[in-house]
Protein chains: 2
Amino acid sequence: MQEMSGAQALVRTLVDSDVRVCFANPGTSEMHFVAALDVLPQMRGVLCLFEGVATGAADGYGRMVGRPAATLLHLGPGLANGLANLHNARRANTPVVNVVGDHAISHKPLDSLLESDIDALAGTVSSWVRRSASTEALGSDAADAVAAALTCGDAEEAGPSPSRTGTSGSISTLIVPANLSWSAGGRPARPVKIPAPPAPSEQDVRSIASVLRLGEPCVLLLDGQALSEQGLRAASRIESATGARLLSRNWAARQRRGAGVPLVEPLAYRGEEITVQLQDVRHLILCGARAPVTSFAYPDRTSLPTPPDTRVHVLAKDGGADTVLSLEMLADHVAPDTEPVLAPLSLPPLPRGELTVGNWAAVIGALLPQDAVVCDESITAGMTTLHAATAGSPPHDLLGLTGLSIGQGLPSATGAAIACPDRPVICLQADGSAMYTLSALWSHAREHLDITTVILNNSSYAILRAELERVGATADASAQLFDLSRPDLDFVSLANGMGVPATRARTAEELALQFKRALSEPGPHLIEAVLLPHRN
Amino acid sequence: MQEMSGAQALVRTLVDSDVRVCFANPGTSEMHFVAALDVLPQMRGVLCLFEGVATGAADGYGRMVGRPAATLLHLGPGLANGLANLHNARRANTPVVNVVGDHAISHKPLDSLLESDIDALAGTVSSWVRRSASTEALGSDAADAVAAALTCGDAEEAGPSPSRTGTSGSISTLIVPANLSWSAGGRPARPVKIPAPPAPSEQDVRSIASVLRLGEPCVLLLDGQALSEQGLRAASRIESATGARLLSRNWAARQRRGAGVPLVEPLAYRGEEITVQLQDVRHLILCGARAPVTSFAYPDRTSLPTPPDTRVHVLAKDGGADTVLSLEMLADHVAPDTEPVLAPLSLPPLPRGELTVGNWAAVIGALLPQDAVVCDESITAGMTTLHAATAGSPPHDLLGLTGLSIGQGLPSATGAAIACPDRPVICLQADGSAMYTLSALWSHAREHLDITTVILNNSSYAILRAELERVGATADASAQLFDLSRPDLDFVSLANGMGVPATRARTAEELALQFKRALSEPGPHLIEAVLLPHRN
């Protein structure tokens, strides 16, 4: 048998552990990993033109398949470019394995031009970081990276608790000195299997059951696995039998929604609205969710919107016991003979006339295809309308902006489409945030992915304009920092420039026509939806 | 007098210390800084659609004016997006002041969605990092940030040594909790003045002079201030009088070149070529430069291309004594009556026929306008041709890819054009690297900057393809990871989508015509130069 290079052992181990896709933006120090792809065709290399696209794609992929994709990134600056979407992946508990090439060990002390502190950068988003120390160890390092990625590192007190499916994982970063890659003597490690999560404690479940039986106002706050179809069905049984209300995290990593799935009201974005949602609630029961915290602090407002007299209980947390099983056990206690309430198929009427922030979502809701994957970075454009408009659409998965780091939508659609080649992927993308990782469109075209992107063009950083108004600034110097007109972004030209066919819609009718046509054709499409301000 | 907010004191201090431009991509935590711009119009806020554009623009600005611009970045993910170009700025010794908003102090322990380790990220590129501790201190923190940015932190052993002009500075990062910005009680600090560098030691200069008098083969390696017109004139006198050869760092931060300026041969990119350049050299004298180190290590090749029997001497290092003055003192010792040799005006003939990697640079060299600022990220397309083609063009400044982190060109042109509104800015931009920070084009249009961008489209990551061939990979799986066709990027559409008028050139004649036309009109233009492989 011919001796393997370290890079070949690394790729082989990843493949054997079912890591089959690598979103890559490599450079010289990753060249031997790239060369290894020629002898290991089971690993699909997907070229991304920017590292933030690679990491966002790995996030979208991992959310859909529950296993990690690899990324291949070039030294510190390459990793740095990928950090913003790794931040989102971390907040989604998505399993991701980053492979970051570094200089050869003998080269590092020379402080050559690209020398950088990869370890420090990796530490900011990863629950596992290792710098490989030998060619022989590269295989086992890769296996350890995969095992760590399949462990949810988010809950500090829970320790390394394996979890089962979907989005319960974390970020591993393996730093590979170039000479370890190119040297002979690599040894593939044994495949890593996805571990089963620990069983819930019967006592914990009984204790929550007794809270539900008190007859006091209760809310079950759902996130993570609880937002899978199985989790939602159990939660719905509990709701029906006990009167406890269900709420879901806003912009969750992945939520099953639509006809045939129990419907859940999302938590609001702003703290003052959450406080209203939770007023008079006596017990808040966390099911794979964290207690609500506002995204930002504001003068003279609280960051903790849960009313002070609400008691908080934990049924399950991501990285702890199996959330779905916990919900099912709880349902068997308090709702043994109750069926879940499923949303009926109920499409909003197709709106007419000029597109606005208020009506575009109804077009999507009315025409959403069966079993779509919806990547949502519509932000303000969809904040108050998208959930309602799609509540009765055919069943679909909704992937949200988990870490609030913008530029997730187009990349995550890339990964979701590669993960689910038989499902239509819809990317609902705000204009300002599209510009952070726009080159994802090129990967849509290169890989001929069935993604329909709808750009919601309101010509501004609308959410920031609203925040600016909150602080009382009204003059031009500040306002122009959130104005995306002068010049207007022309997303049709931008998409065409990257090989994605594109059209522009100014009316609801045009959007409907173009959306239907895009769905009926294979491959990527982009529709620029020009939104007027909502006139109510 | 009305009491100032912390943010107002911060902006006021920056303005008073002559920091007059802020390249901004702000979010909610920076909202009060933005609002402060309304009452402090002396600070020009320039909106960038991606943080890497903001930091690259600050780098280009700082290289041209020798004073820092500010950047305004949003928490850890925003800073992360800006790190790659801060890496280049660090390698250019450019002064930059980053202002990064963070959550309010009371909000940080709550681990809200955008919580991130800003300090760790900032530490990877900054020589100075501070987290403000009070509203009262924000003004003095800002002054300290400016003072630190005007200090070259690169030379570890040199300590904090102030330097005079141009590109001798470093990266400061001030982290500002939001509540310190919004609270009243800000106190502007006294303005920071640019400090003078320490005088060179007469003894050090005499010792180098005695080396030059030995009559043995000597090379003066020039970087930093040595590449200013004044530094080059002194170096040229030394060359003429002693026979010492001059070499310059390849892809220097800023080099004065062209007719009327002494011409210097650049160091080659590859180590084996540098070894040839330095063979038989007995003494390598570093003038604001570091001893050559290859960019990457390769199997069985050295990373230190200086021949082992070459002795290395240090005349001046950036961050140490005044490099220009050191050269002038040295010239007065060894060449008291010698005049510098200046390059004559000598334009290459305009080439004809299809554009290739080999002939495009001659078009630029033949038509380069007087006193242009040339931002060069042409990489492989210009590596062997650009220097020669522009050696006799009208005098100009050449800004190089100092840290090898691609995506610098378009942003640095933004900053250079804002720094030098009366000079034409030429951006020579490779296709692959253009895609990392392409939205800089929107800022070119928004600010109506006089930038002519030439995209050198060879439809590949050509430098990586060459590296891949060096490792012996030839199969399709690897090769396609460096192929930028399928689909072809259409830079005319991409530029139009961001409001920049654009044309495409396939022949040298077309490039010449379009380049002349672009230079004759105000505002930004883009020319996509489609390059065939060089046929020699």
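To keep things clear, this report deals only with the structure shown in the data block. (Residues numbered from 1 in each chain as written. Chains lettered and ligands numbered in written order. Predicted model: local features only at pLDDT ≥ 70, side-chain atom pairs only at ≥ 80, totals over all residues. Heavy atoms only, no water.)

### Here's the deal with the environment of methionine 329 of chain B
Residue and element names in this part refer to chain B.
- Mapping methionine 329 onto the fold places it in helix 11 (residues 323–334).
- Taking the C-alpha atoms as reference points, methionine 329 and alanine 234, 95 residues apart in sequence, are found 8.6 Å from one another.
- Sequence-distant contacts of methionine 329, defined by excluding residues within four places in its chain, comprise Pro200, Glu202 and Val205. (Helix = DSSP H or I, 4+ residues; strand = E, 2+ residues; numbered from the N terminus. Contact = heavy atoms within 4.5 Å.)

### Notes on the pairing of strand 20 (residues 525–530) of chain A
Residue and element names in this part refer to chain A.
- With six of six residues buried, strand 20 lies mostly within the body of the structure.
- Every second residue of strand 20 is oriented toward a common face, with His525, Ile527 and Ala529 on one face and Leu526, Glu528 and Val530 on the other, all of them buried.
- Note that strand 18 (residues 451–457) and strand 20 share six bridges and pair parallel. Within the sheet, the bridge partner assigned to isoleucine 455 lies in strand 20 and is glutamate 528.
- Examined bridge by bridge, strand 19 (residues 502–505) and strand 20 share four bridges and lie parallel to one another. (Buried < 20%, exposed > 50% of the residue type's maximum accessible area, 1.4 Å probe, protein only. Pairing = 2+ DSSP bridges.)

### Here we look at the relation of the copies chain B and chain A
- Mapping chain B onto chain A calls for a screw motion: a turn of 180° about the axis and a shift of 0.0 Å along it, with 0.0 Å RMSD after fitting. The superposition operator between the copies reduces to a two-fold rotation axis.
- Both copies present the same face, since 100% of the interface residues in chain B are matched by interface residues at the equivalent positions in chain A. (Least-squares fit on C-alpha atoms with pLDDT ≥ 70 in both.)

### With respect to the state of the cysteines
All names here are of chain A.
- Scanning the model with the defined rule gives zero disulfides over all chains in all.
- Summary of cysteine pairing: cysteine 375 is not part of a disulfide, and the nearest cysteine sulfur, belonging to cysteine 427, is at 5.8 Å.
- Taking relative accessible area as the criterion, cysteine 375 reaches 0% and is therefore assigned buried. (Disulfide = S-S within 2.5 Å.)

### Quick look at the sheet that holds strand 3 (residues 69–74) of chain B
Residue and element names in this part refer to chain B.
- Read across the open sheet, the six strands follow the order 2-1-3-4-8-5; overall the sheet is parallel. Across the chains shown, the open sheet's two edge strands, defined by having one partner strand only, are strand 2 (44–47) and strand 5 (128–131). For this sheet, the mean angle separating the axes of adjacent strands, direction not counted, is 20°.
- Of the pairings in the sheet, the one linking strand 4 (residues 96–102) to strand 8 (residues 171–177) comprises seven bridges and is parallel in character. Paired with valine 96 across the strands is isoleucine 171, a residue of strand 8.
- Strands in contact with helix 1 (residues 6–16) are strand 3, strand 4 and strand 8; relative to strand 4, the strand with the most contacts, it is inclined by about 175°. (Axes fitted to C-alpha atoms, helices over the stretch in contact; angles between N-to-C directions.)

### Observations regarding unusual backbone geometry
- Going from arginine 486 of chain A to proline 487 of chain A, the amide bond is cis rather than trans, its omega being -10°.
- With respect to the helices and strands, proline 487 of chain A occurs in the loop between helix 19 (476–479) and helix 20 (491–497).
- A positive phi angle, near 60°, is found at leucine 404 of chain A, a position not held by glycine.
- The class of leucine 404 of chain A is buried, set by a relative accessible area of 11%.
- A positive phi angle, near 60°, is found at aspartate 371 of chain B, a position not held by glycine.
- Look at aspartate 371 of chain B and you get partly exposed, because its relative accessible area is 26%.

### Regarding the packing of helix 9 (residues 229–242) of chain A against helix 11 (residues 323–334) of chain A
All names here are of chain A.
- Relative to each other, helix 9 and helix 11 sit at 25°, their axes nearing to 8 Å. Taken together, the axis directions place helix 9 and helix 11 in an arrangement best described as roughly parallel. In terms of crossing hand, the pair formed by helix 9 and helix 11 is left-handed. Along the contact surface, helix 9 presents Gln230, Gly231, Ala234, Ala235, Arg237, Ile238, Ala241 and Thr242, while helix 11 presents Val324, Leu327, Glu328, Leu330, Ala331, Asp332 and Val334.
- Residue classes in the contact of helix 9 with helix 11 are distributed as nine nonpolar, three polar and three charged. (Parallel < 35°, antiparallel > 145°, perpendicular 65-115°, else oblique. Left-handed = near helix turned anticlockwise from the far one by under 90°. Nonpolar A, V, L, I, M, F, W, Y, C, P; charged D, E, K, R; others polar.)

### Observations regarding the environment of valine 192 of chain A
All names here are of chain A.
- Considering the arrangement of structural elements, one finds valine 192 in the loop between helix 7 (178–182) and helix 8 (202–212).
- Of the residues examined, valine 192 reaches a relative accessible area of 15% and is grouped as buried.
- If near-sequence neighbours (up to four positions away) are discounted, valine 192 is found in contact with Ser17, Ala143, Val146, Ala147 and Leu150.

### With respect to the interface of chain B and chain A
- Each partner contributes to the interface: chain B provides 92 residues, whereas chain A provides 92 residues.
- Buried surface at the junction of chain B and chain A, both sides included, amounts to about 7500 Å², of which 67% is carbon and sulfur.
- On the surface where chain B and chain A come into contact, there are six salt bridges.
- Summed over the shared surface of chain B and chain A, the number is 36 residue pairs in polar contact (both at pLDDT 80 or more).
- In terms of residues, the side of chain B that touches chain A owes the most to one element, helix 4 (residues 75–91) of chain B, which gives nine residues. (Buried area = accessible area lost by both parts, 1.4 Å probe. Salt bridge = Lys/Arg side-chain N within 4 Å of Asp/Glu carboxyl O. Polar contact = N/O pair within 3.5 Å; in protein donor to acceptor, adjacent residues only side chain to side chain.)

Just distances and angles here, no functional claims.
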